[in-house]
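Here is how the chains run, residue by residue.
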Amino acid sequence: MKRNSTQRNLGFALAGLVAISLSGWYTWSYMKKQAIDLVQEDVQITESDYEPEVEDADPRPQFTSSAFHITTISVQKNSSIYTTFQKAGIDSAVIHDWIAACASFYNLSSIAAGVKIEMRAAKDTEELQEVFIEVSPLLGILIQRQPHQTWYAEKLEKTPTMDLVAMEGKIESSLWESAAKAGLHSQAIYELTDIFSSQIDFEREIHGGDSWSVVIEKRSLDGKFYDWGKIHAARYTLSDVDHKAVLFTVNGKQAYFTPEGESLSGMFLKSPLKFSRITSTFQVKRFHPILKINRPHHGVDYAAATGTPIHAVADGRVESVGWQNGGGNSIRIRHNSTYETAYRHMSRFSSGLHKNSRVQQGEVIGYVGMTGLATAPHLHFEFYENGKYMDPLGIKFPRKESLPKDQLLAFKQKSKKMVALLQKPDIQS
Ligand SMILES: [Zn+2]
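Scope of this entry: the structure provided in the associated data block. (Residues numbered from 1 in each chain as written. Predicted model: local features only at pLDDT ≥ 70, side-chain atom pairs only at ≥ 80, totals over all residues.)

1. A look at the overall build of the protein chain
From N to C terminus, the protein chain includes seven helices and 25 strands. The buried share of the protein chain, reckoned over its 429 residues, is 30%. Once local pairs closer than 6 in sequence are excluded, the contacts in the protein chain between residues at least 24 apart make up 61%. (Helix = DSSP H or I, 4+ residues; strand = E, 2+ residues; numbered from the N terminus. Buried ≥ 20, exposed ≤ 12 C-beta atoms within 10 Å, placed from the backbone. Contact = placed C-beta atoms within 7 Å.)

Right, dumping it as C-alpha coordinates:
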(Lines give C-alpha, C1' and ligand atoms only; values in the text may rest on other atoms or scores of the structure.)
Protein backbone atom coordinates (compact mmCIF):
# COMPACT_ATOMS: atom_id res chain seq x y z
CA MET A 1 0.00 0.00 0.00
CA LYS A 2 1.17 3.46 -0.80
CA ARG A 3 1.69 5.57 2.22
CA ASN A 4 2.30 9.27 1.88
CA SER A 5 1.90 10.44 5.39
CA THR A 6 2.68 8.86 8.67
CA GLN A 7 2.69 9.89 12.27
CA ARG A 8 5.04 8.29 14.71
CA ASN A 9 4.72 8.86 18.39
CA LEU A 10 8.31 8.94 19.49
CA GLY A 11 7.39 7.75 22.91
CA PHE A 12 9.01 10.29 25.13
CA ALA A 13 7.68 13.34 26.82
CA LEU A 14 8.94 16.62 28.06
CA ALA A 15 8.99 17.09 31.79
CA GLY A 16 6.19 19.63 31.44
CA LEU A 17 5.44 22.99 29.96
CA VAL A 18 7.59 24.80 32.45
CA ALA A 19 10.52 22.68 31.39
CA ILE A 20 10.79 24.55 28.12
CA SER A 21 12.67 27.19 29.94
CA LEU A 22 15.09 29.81 28.86
CA SER A 23 17.96 27.36 29.08
CA GLY A 24 17.41 26.15 25.54
CA TRP A 25 17.59 22.52 26.48
CA TYR A 26 15.72 20.53 29.02
CA THR A 27 15.39 17.13 30.54
CA TRP A 28 13.36 14.41 28.97
CA SER A 29 11.30 12.01 31.00
CA TYR A 30 10.50 8.76 29.35
CA MET A 31 6.91 7.65 29.06
CA LYS A 32 7.55 4.42 27.24
CA LYS A 33 10.37 1.93 26.97
CA GLN A 34 10.41 1.83 23.19
CA ALA A 35 11.80 5.33 22.85
CA ILE A 36 13.94 5.60 19.77
CA ASP A 37 17.56 4.76 20.56
CA LEU A 38 18.97 7.75 18.82
CA VAL A 39 16.93 9.97 21.04
CA GLN A 40 18.14 8.36 24.23
CA GLU A 41 21.79 8.96 23.47
CA ASP A 42 23.38 11.73 25.46
CA VAL A 43 20.13 12.65 27.15
CA GLN A 44 20.53 13.64 30.74
CA ILE A 45 17.87 12.35 33.04
CA THR A 46 17.49 13.63 36.56
CA GLU A 47 16.42 11.08 39.17
CA SER A 48 12.96 12.48 39.66
CA ASP A 49 12.23 11.88 36.03
CA TYR A 50 12.54 8.12 36.25
CA GLU A 51 8.96 7.86 37.47
CA PRO A 52 7.21 6.14 34.60
CA GLU A 53 3.55 6.50 35.57
CA VAL A 54 1.93 9.85 35.02
CA GLU A 55 -0.82 9.03 37.50
CA ASP A 56 1.65 8.30 40.30
CA ALA A 57 3.56 11.42 39.58
CA ASP A 58 0.51 13.59 40.05
CA PRO A 59 -0.96 13.33 43.54
CA ARG A 60 -3.22 16.32 43.13
CA PRO A 61 -6.97 15.87 43.60
CA GLN A 62 -9.02 15.07 40.53
CA PHE A 63 -11.42 17.61 39.13
CA THR A 64 -14.48 15.41 39.61
CA SER A 65 -15.91 13.76 42.68
CA SER A 66 -18.54 11.11 43.35
CA ALA A 67 -18.65 11.50 47.11
CA PHE A 68 -21.24 14.24 46.95
CA HIS A 69 -24.64 15.05 45.67
CA ILE A 70 -23.74 17.42 42.87
CA THR A 71 -25.80 20.20 41.34
CA THR A 72 -24.26 21.88 38.29
CA ILE A 73 -24.93 25.54 37.61
CA SER A 74 -23.33 28.21 35.43
CA VAL A 75 -23.25 31.97 35.08
CA GLN A 76 -25.86 33.07 32.54
CA LYS A 77 -25.15 35.66 29.87
CA ASN A 78 -25.37 39.24 31.22
CA SER A 79 -25.44 37.89 34.75
CA SER A 80 -22.78 37.78 37.47
CA ILE A 81 -21.28 35.09 39.65
CA TYR A 82 -22.89 36.82 42.62
CA THR A 83 -26.40 36.64 41.15
CA THR A 84 -25.75 33.07 40.04
CA PHE A 85 -24.89 31.95 43.57
CA GLN A 86 -27.78 33.95 44.99
CA LYS A 87 -30.19 32.18 42.64
CA ALA A 88 -28.74 28.89 43.86
CA GLY A 89 -29.84 29.85 47.36
CA ILE A 90 -26.50 30.95 48.80
CA ASP A 91 -26.40 33.64 51.50
CA SER A 92 -24.78 36.88 50.38
CA ALA A 93 -22.42 36.78 53.38
CA VAL A 94 -21.21 33.33 52.24
CA ILE A 95 -20.75 34.53 48.65
CA HIS A 96 -18.61 37.38 49.94
CA ASP A 97 -16.56 34.85 51.93
CA TRP A 98 -15.95 32.81 48.78
CA ILE A 99 -14.93 35.81 46.74
CA ALA A 100 -12.56 36.88 49.52
CA ALA A 101 -11.12 33.37 49.89
CA CYS A 102 -10.23 33.30 46.18
CA ALA A 103 -9.15 36.94 45.88
CA SER A 104 -5.43 36.26 46.30
CA PHE A 105 -5.28 34.06 43.21
CA TYR A 106 -8.46 34.59 41.19
CA ASN A 107 -11.12 37.25 40.76
CA LEU A 108 -14.37 35.27 40.90
CA SER A 109 -16.39 38.07 39.32
CA SER A 110 -14.40 37.54 36.11
CA ILE A 111 -15.80 34.02 35.67
CA ALA A 112 -17.21 33.88 32.16
CA ALA A 113 -20.76 32.90 31.25
CA GLY A 114 -21.11 29.19 30.66
CA VAL A 115 -18.32 28.05 32.99
CA LYS A 116 -19.40 24.92 34.84
CA ILE A 117 -19.84 25.26 38.59
CA GLU A 118 -20.43 22.17 40.75
CA MET A 119 -22.27 22.66 44.02
CA ARG A 120 -21.30 19.59 46.07
CA ALA A 121 -23.50 18.73 49.04
CA ALA A 122 -23.18 15.94 51.62
CA LYS A 123 -25.27 12.98 50.47
CA ASP A 124 -26.97 12.55 53.83
CA THR A 125 -27.54 16.06 55.17
CA GLU A 126 -27.60 17.90 51.80
CA GLU A 127 -25.38 20.52 53.44
CA LEU A 128 -23.12 22.25 50.92
CA GLN A 129 -19.51 21.10 51.42
CA GLU A 130 -17.65 22.18 48.32
CA VAL A 131 -17.96 24.43 45.32
CA PHE A 132 -15.88 23.50 42.32
CA ILE A 133 -15.46 25.93 39.41
CA GLU A 134 -13.95 24.56 36.22
CA VAL A 135 -12.45 27.79 34.89
CA SER A 136 -10.73 26.01 32.00
CA PRO A 137 -9.53 22.51 31.18
CA LEU A 138 -6.27 23.46 32.91
CA LEU A 139 -7.59 25.42 35.90
CA GLY A 140 -10.13 24.61 38.58
CA ILE A 141 -11.05 26.44 41.78
CA LEU A 142 -12.09 24.42 44.82
CA ILE A 143 -13.85 26.13 47.71
CA GLN A 144 -14.24 23.90 50.78
CA ARG A 145 -16.25 24.26 53.96
CA GLN A 146 -14.11 24.50 57.12
CA PRO A 147 -15.19 24.35 60.76
CA HIS A 148 -16.89 27.40 62.31
CA GLN A 149 -18.65 28.58 59.14
CA THR A 150 -15.44 29.44 57.35
CA TRP A 151 -14.32 28.57 53.84
CA TYR A 152 -11.00 27.67 52.30
CA ALA A 153 -10.23 28.08 48.60
CA GLU A 154 -7.44 26.74 46.44
CA LYS A 155 -6.69 26.51 42.77
CA LEU A 156 -6.17 23.14 41.13
CA GLU A 157 -4.04 23.24 38.06
CA LYS A 158 -3.45 20.57 35.48
CA THR A 159 -0.33 20.49 33.37
CA PRO A 160 -0.60 18.79 30.02
CA THR A 161 1.94 16.09 29.32
CA MET A 162 3.96 16.70 26.23
CA ASP A 163 5.17 14.29 23.59
CA LEU A 164 7.33 15.08 20.65
CA VAL A 165 5.73 13.56 17.59
CA ALA A 166 7.25 13.20 14.14
CA MET A 167 4.98 13.73 11.16
CA GLU A 168 5.83 13.62 7.53
CA GLY A 169 4.29 13.81 4.12
CA LYS A 170 4.92 13.98 0.43
CA ILE A 171 3.50 16.63 -1.87
CA GLU A 172 1.12 15.36 -4.51
CA SER A 173 -0.98 18.39 -5.34
CA SER A 174 -0.31 20.88 -2.55
CA LEU A 175 1.38 21.30 0.79
CA TRP A 176 -2.03 21.85 2.39
CA GLU A 177 -3.40 18.61 1.07
CA SER A 178 -0.37 16.60 2.12
CA ALA A 179 -0.30 18.20 5.56
CA ALA A 180 -4.00 17.60 6.09
CA LYS A 181 -3.49 13.96 5.13
CA ALA A 182 -0.77 13.62 7.76
CA GLY A 183 -2.99 15.23 10.37
CA LEU A 184 -0.87 18.36 10.72
CA HIS A 185 -3.16 21.18 11.83
CA SER A 186 -3.37 24.38 9.81
CA GLN A 187 -1.53 26.57 12.32
CA ALA A 188 1.47 24.22 12.09
CA ILE A 189 1.43 24.45 8.30
CA TYR A 190 1.70 28.22 8.59
CA GLU A 191 4.56 27.76 11.05
CA LEU A 192 6.31 25.38 8.69
CA THR A 193 6.11 27.91 5.85
CA ASP A 194 7.26 30.65 8.23
CA ILE A 195 10.29 28.65 9.35
CA PHE A 196 11.58 28.40 5.79
CA SER A 197 10.25 31.74 4.56
CA SER A 198 13.77 32.99 3.83
CA GLN A 199 14.76 29.85 1.91
CA ILE A 200 11.64 28.72 0.11
CA ASP A 201 8.89 30.59 -1.67
CA PHE A 202 6.02 28.24 -0.82
CA GLU A 203 3.71 29.91 -3.30
CA ARG A 204 5.89 29.43 -6.34
CA GLU A 205 8.71 26.96 -5.80
CA ILE A 206 7.15 23.81 -4.39
CA HIS A 207 5.88 20.96 -6.52
CA GLY A 208 4.88 17.31 -6.56
CA GLY A 209 7.55 14.96 -5.26
CA ASP A 210 8.74 17.37 -2.58
CA SER A 211 8.51 16.00 0.94
CA TRP A 212 8.48 17.38 4.46
CA SER A 213 8.67 16.29 8.07
CA VAL A 214 8.26 18.00 11.41
CA VAL A 215 8.93 17.14 15.04
CA ILE A 216 6.13 18.84 16.92
CA GLU A 217 4.87 19.05 20.51
CA LYS A 218 1.64 17.18 21.10
CA ARG A 219 0.05 17.98 24.44
CA SER A 220 -2.32 15.64 26.25
CA LEU A 221 -4.51 16.11 29.25
CA ASP A 222 -5.76 13.11 31.26
CA GLY A 223 -4.55 10.82 28.51
CA LYS A 224 -6.49 12.64 25.81
CA PHE A 225 -5.25 14.95 23.06
CA TYR A 226 -5.28 18.55 24.23
CA ASP A 227 -3.50 20.67 21.64
CA TRP A 228 -0.47 21.08 19.40
CA GLY A 229 2.54 23.12 20.45
CA LYS A 230 5.71 24.36 18.90
CA ILE A 231 7.53 22.77 15.97
CA HIS A 232 10.95 21.68 17.31
CA ALA A 233 12.46 20.67 14.02
CA ALA A 234 11.41 20.71 10.41
CA ARG A 235 12.59 19.49 7.05
CA TYR A 236 11.41 20.47 3.61
CA THR A 237 12.94 18.69 0.63
CA LEU A 238 12.56 20.95 -2.35
CA SER A 239 13.48 19.29 -5.65
CA ASP A 240 15.82 16.90 -3.80
CA VAL A 241 17.50 19.65 -1.81
CA ASP A 242 17.02 19.28 1.95
CA HIS A 243 16.21 22.34 4.03
CA LYS A 244 16.33 21.66 7.75
CA ALA A 245 15.55 23.71 10.83
CA VAL A 246 16.02 23.13 14.54
CA LEU A 247 14.38 25.23 17.26
CA PHE A 248 16.72 26.63 19.89
CA THR A 249 16.51 29.26 22.61
CA VAL A 250 19.17 31.95 22.69
CA ASN A 251 19.05 34.75 25.26
CA GLY A 252 15.46 33.83 26.10
CA LYS A 253 14.34 34.02 22.48
CA GLN A 254 13.32 30.99 20.44
CA ALA A 255 14.57 30.84 16.89
CA TYR A 256 15.26 28.31 14.16
CA PHE A 257 18.74 27.40 13.00
CA THR A 258 20.23 25.12 10.40
CA PRO A 259 21.59 21.86 11.88
CA GLU A 260 25.03 23.50 11.70
CA GLY A 261 23.89 26.41 13.86
CA GLU A 262 23.44 29.11 11.24
CA SER A 263 20.47 31.41 11.65
CA LEU A 264 17.64 30.39 9.39
CA SER A 265 16.10 33.79 9.19
CA GLY A 266 17.49 35.62 6.25
CA MET A 267 17.98 39.30 6.59
CA PHE A 268 15.01 39.62 4.20
CA LEU A 269 11.82 37.62 3.78
CA LYS A 270 11.50 36.13 0.31
CA SER A 271 8.19 37.89 -0.21
CA PRO A 272 6.26 40.68 1.54
CA LEU A 273 3.01 38.72 1.06
CA LYS A 274 2.37 35.23 2.35
CA PHE A 275 0.16 33.99 -0.44
CA SER A 276 0.09 35.83 -3.72
CA ARG A 277 0.88 35.62 -7.42
CA ILE A 278 3.60 37.53 -9.26
CA THR A 279 1.93 39.34 -12.14
CA SER A 280 4.80 41.53 -13.26
CA THR A 281 8.52 41.14 -12.75
CA PHE A 282 11.38 43.62 -12.66
CA GLN A 283 11.95 44.90 -16.19
CA VAL A 284 14.10 47.62 -17.62
CA LYS A 285 11.39 48.31 -20.25
CA ARG A 286 7.69 47.58 -20.00
CA PHE A 287 4.53 48.84 -21.69
CA HIS A 288 2.58 50.55 -18.94
CA PRO A 289 -1.09 49.40 -18.97
CA ILE A 290 -2.48 52.78 -17.92
CA LEU A 291 0.02 55.28 -19.24
CA LYS A 292 0.23 53.38 -22.58
CA ILE A 293 3.93 54.12 -22.92
CA ASN A 294 7.10 52.10 -22.56
CA ARG A 295 8.75 52.64 -19.23
CA PRO A 296 10.80 50.51 -16.86
CA HIS A 297 9.15 48.45 -14.14
CA HIS A 298 11.43 48.87 -11.17
CA GLY A 299 9.77 46.36 -8.92
CA VAL A 300 7.74 43.20 -8.63
CA ASP A 301 3.94 43.14 -8.67
CA TYR A 302 2.18 40.67 -6.40
CA ALA A 303 -1.52 40.21 -7.10
CA ALA A 304 -3.61 39.61 -3.99
CA ALA A 305 -7.06 40.51 -2.72
CA THR A 306 -7.61 43.99 -1.34
CA GLY A 307 -6.93 43.87 2.40
CA THR A 308 -4.27 41.14 2.27
CA PRO A 309 -1.65 41.95 4.95
CA ILE A 310 1.73 43.24 3.74
CA HIS A 311 4.79 42.33 5.82
CA ALA A 312 7.98 44.32 6.22
CA VAL A 313 10.64 42.07 4.66
CA ALA A 314 13.26 43.08 7.24
CA ASP A 315 13.76 45.10 10.42
CA GLY A 316 14.06 48.79 9.76
CA ARG A 317 12.84 52.34 10.17
CA VAL A 318 9.99 53.91 8.18
CA GLU A 319 11.47 56.57 5.90
CA SER A 320 8.20 57.75 4.45
CA VAL A 321 4.55 56.82 4.71
CA GLY A 322 1.79 58.51 2.71
CA TRP A 323 0.48 59.30 -0.77
CA GLN A 324 2.97 59.21 -3.61
CA ASN A 325 1.35 60.13 -6.94
CA GLY A 326 1.18 57.05 -9.20
CA GLY A 327 2.27 54.81 -6.31
CA GLY A 328 -0.79 55.74 -4.27
CA ASN A 329 -0.47 54.89 -0.59
CA SER A 330 3.22 54.03 -0.21
CA ILE A 331 5.69 53.10 2.50
CA ARG A 332 9.46 53.19 2.21
CA ILE A 333 11.60 51.47 4.83
CA ARG A 334 15.34 51.85 5.42
CA HIS A 335 16.81 48.59 6.72
CA ASN A 336 20.43 49.68 7.12
CA SER A 337 22.87 51.95 5.36
CA THR A 338 22.72 49.76 2.24
CA TYR A 339 19.18 48.47 1.77
CA GLU A 340 15.72 50.01 1.48
CA THR A 341 12.36 48.61 0.35
CA ALA A 342 9.17 50.29 -0.84
CA TYR A 343 5.55 49.08 -0.92
CA ARG A 344 2.91 50.77 -3.12
CA HIS A 345 -0.79 50.90 -4.06
CA MET A 346 -1.79 49.99 -0.48
CA SER A 347 -5.44 50.30 0.55
CA ARG A 348 -4.38 51.45 4.00
CA PHE A 349 -1.47 51.56 6.43
CA SER A 350 -1.25 49.77 9.76
CA SER A 351 -2.53 52.09 12.45
CA GLY A 352 0.08 54.03 14.36
CA LEU A 353 2.69 53.74 11.64
CA HIS A 354 4.49 57.03 11.02
CA LYS A 355 7.76 58.41 9.68
CA ASN A 356 10.62 57.00 11.80
CA SER A 357 8.52 54.13 13.26
CA ARG A 358 10.63 51.06 13.93
CA VAL A 359 9.33 47.96 12.20
CA GLN A 360 10.34 44.34 12.64
CA GLN A 361 10.79 41.69 10.01
CA GLY A 362 7.39 40.14 9.30
CA GLU A 363 5.43 42.97 10.94
CA VAL A 364 2.23 43.93 9.09
CA ILE A 365 2.76 47.47 7.79
CA GLY A 366 -0.36 47.80 5.66
CA TYR A 367 -2.81 46.11 3.31
CA VAL A 368 -3.03 45.41 -0.41
CA GLY A 369 -5.11 47.84 -2.44
CA MET A 370 -5.17 49.60 -5.81
CA THR A 371 -4.55 53.24 -4.92
CA GLY A 372 -2.63 55.39 -7.44
CA LEU A 373 -2.07 54.06 -10.94
CA ALA A 374 -3.28 50.47 -10.71
CA THR A 375 -5.75 48.42 -12.72
CA ALA A 376 -6.31 45.73 -10.09
CA PRO A 377 -5.48 45.15 -6.42
CA HIS A 378 -1.79 44.35 -6.11
CA LEU A 379 1.35 45.23 -4.23
CA HIS A 380 4.15 46.92 -6.12
CA PHE A 381 7.34 46.08 -4.23
CA GLU A 382 10.70 47.78 -4.76
CA PHE A 383 14.13 46.93 -3.47
CA TYR A 384 17.05 49.36 -3.31
CA GLU A 385 20.75 48.73 -2.78
CA ASN A 386 22.70 51.92 -2.11
CA GLY A 387 19.77 53.91 -3.48
CA LYS A 388 19.66 51.99 -6.77
CA TYR A 389 16.73 49.82 -7.90
CA MET A 390 17.47 46.10 -7.66
CA ASP A 391 15.44 43.09 -8.77
CA PRO A 392 14.26 41.59 -5.45
CA LEU A 393 13.88 38.19 -7.12
CA GLY A 394 17.45 38.25 -8.38
CA ILE A 395 19.35 39.07 -5.20
CA LYS A 396 21.14 36.59 -2.98
CA PHE A 397 20.19 37.94 0.41
CA PRO A 398 22.60 38.06 3.32
CA ARG A 399 21.73 35.93 6.36
CA LYS A 400 21.29 37.00 9.94
CA GLU A 401 24.00 36.24 12.46
CA SER A 402 24.69 32.65 13.51
CA LEU A 403 24.47 31.00 16.91
CA PRO A 404 26.83 32.37 19.59
CA LYS A 405 29.91 30.13 19.96
CA ASP A 406 29.28 29.32 23.65
CA GLN A 407 25.85 27.89 22.74
CA LEU A 408 27.06 25.76 19.89
CA LEU A 409 27.76 22.57 21.84
CA ALA A 410 24.35 22.47 23.50
CA PHE A 411 22.74 23.26 20.19
CA LYS A 412 24.60 20.49 18.36
CA GLN A 413 23.36 17.96 20.94
CA LYS A 414 19.76 18.86 20.26
CA SER A 415 20.36 19.23 16.55
CA LYS A 416 21.82 15.72 16.22
CA LYS A 417 18.76 14.13 17.77
CA MET A 418 16.32 16.23 15.83
CA VAL A 419 17.98 15.63 12.49
CA ALA A 420 17.80 11.89 13.12
CA LEU A 421 14.06 12.24 13.58
CA LEU A 422 13.66 14.31 10.44
CA GLN A 423 15.02 11.64 8.10
CA LYS A 424 12.62 10.07 5.67
CA PRO A 425 12.37 6.50 6.95
CA ASP A 426 8.69 5.82 6.58
CA ILE A 427 7.79 7.34 3.31
CA GLN A 428 7.47 4.85 0.51
CA SER A 429 6.65 5.85 -2.98
ZN1 LIG B 1 4.43 47.48 -10.28
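Still more ground to cover, so stick around.
2. Topic: unusual backbone geometry
Positive phi is not limited to glycine here, since S239 has a value of about 45 degrees. Mapped onto the elements, S239 comes out in the loop between β10 (224-238) and β11 (241-250). Overall, the presence of 9 C-beta atoms within 10 Å leaves S239 in the exposed class. Residues other than glycine seldom take positive phi values, yet H345 does so here, at roughly 70 degrees. Accessibility expressed as a C-beta count within 10 Å gives 25 for H345, which makes it buried.

3. Remarks on the pairing of strand β18 (residues 316-323)
Note that β18 and strand β22 (residues 358-359) share two bridges and pair antiparallel. Counterpart to G316 in the pairing with β22 is V359. Relative to strand β19 (residues 329-334), β18 runs antiparallel, the two being bridged by six bridges. If you follow V321 over to β19, its bridge partner there is I331. A loop of five residues connects β18 with β19, the two strands running antiparallel in sequence, and N325 in this loop sits at a positive phi of about 40 degrees. (Pairing = 2+ DSSP bridges.)

4. A look at the sheet that holds strand β21 (residues 348-349)
Read across the open sheet, the three strands follow the order β17-β23-β21; overall the sheet is antiparallel. Only two strands of the sheet have a single neighbouring strand rather than two, namely β17 (309-311) and β21. Strand direction decides the pairing type here: β21 and strand β23 (residues 364-367), joined by two bridges, are antiparallel. Bridging across to β23, R348 finds its partner in Y367.

5. Some words on the nonpolar core
Ranked by size, the top nonpolar core spans 32 residues in total, and within it V214, V215, A233 and A245 carry the most contacts. Sort the elements by how many residues they give to this core and β10 lands first, with five residues. Other than its neighbours up to four places away in sequence, A245 contacts I195, F196, A233, A234, Y256, F257, T258 and L264. Grouped together as the second largest cluster of nonpolar side chains are 24 residues, F268, I331, A342 and L379 included. (Core = buried A, V, L, I, M, F, W, Y, C linked by C-beta atoms within 7 Å.)

6. Things to note about the sheet that holds strand β7 (residues 150-157)
Overall, antiparallel pairing links the five strands, which are arranged β3-β4-β5-β6-β7 in an open sheet. Of all the strands in the sheet, just β3 (68-74) and β7 have a single pairing partner and so form its edges. Strand-to-strand, the axes of this sheet are offset by a mean angle of 20 degrees, without reference to chain direction. Where β3 lies against strand β4 (residues 116-122), seven bridges are found, and the strand directions are antiparallel. Pairing of T72 across the sheet is with E118, part of β4. (Axes fitted to C-alpha atoms, helices over the stretch in contact; angles between N-to-C directions.)

7. Side note on helix α4 (residues 92-102)
All of the buried residues along α4 are W98, A101 and C102. Within α4, the buried residues cover an arc of 95 degrees as seen down the axis, which keeps them to one side. The exposed set on the far side of α4, more than 90 degrees from its buried face, consists of S92, A93, H96 and A100. Contact partners of the buried residues in α4: β5 (128-136), β6 (139-146) and β7. (Arc of directions from axis to C-beta.)

8. What to know about the environment of N356
Secondary-structure assignment places N356 in the loop between β21 and β22. Along the chain, N356 and V321 lie 35 residues apart, while their C-alpha atoms are 9.3 Å from each other. If sequence neighbours within four positions are ignored, N356 has contacts with R317 and V318.

As far as function goes, none of this settles anything; it's purely spatial.
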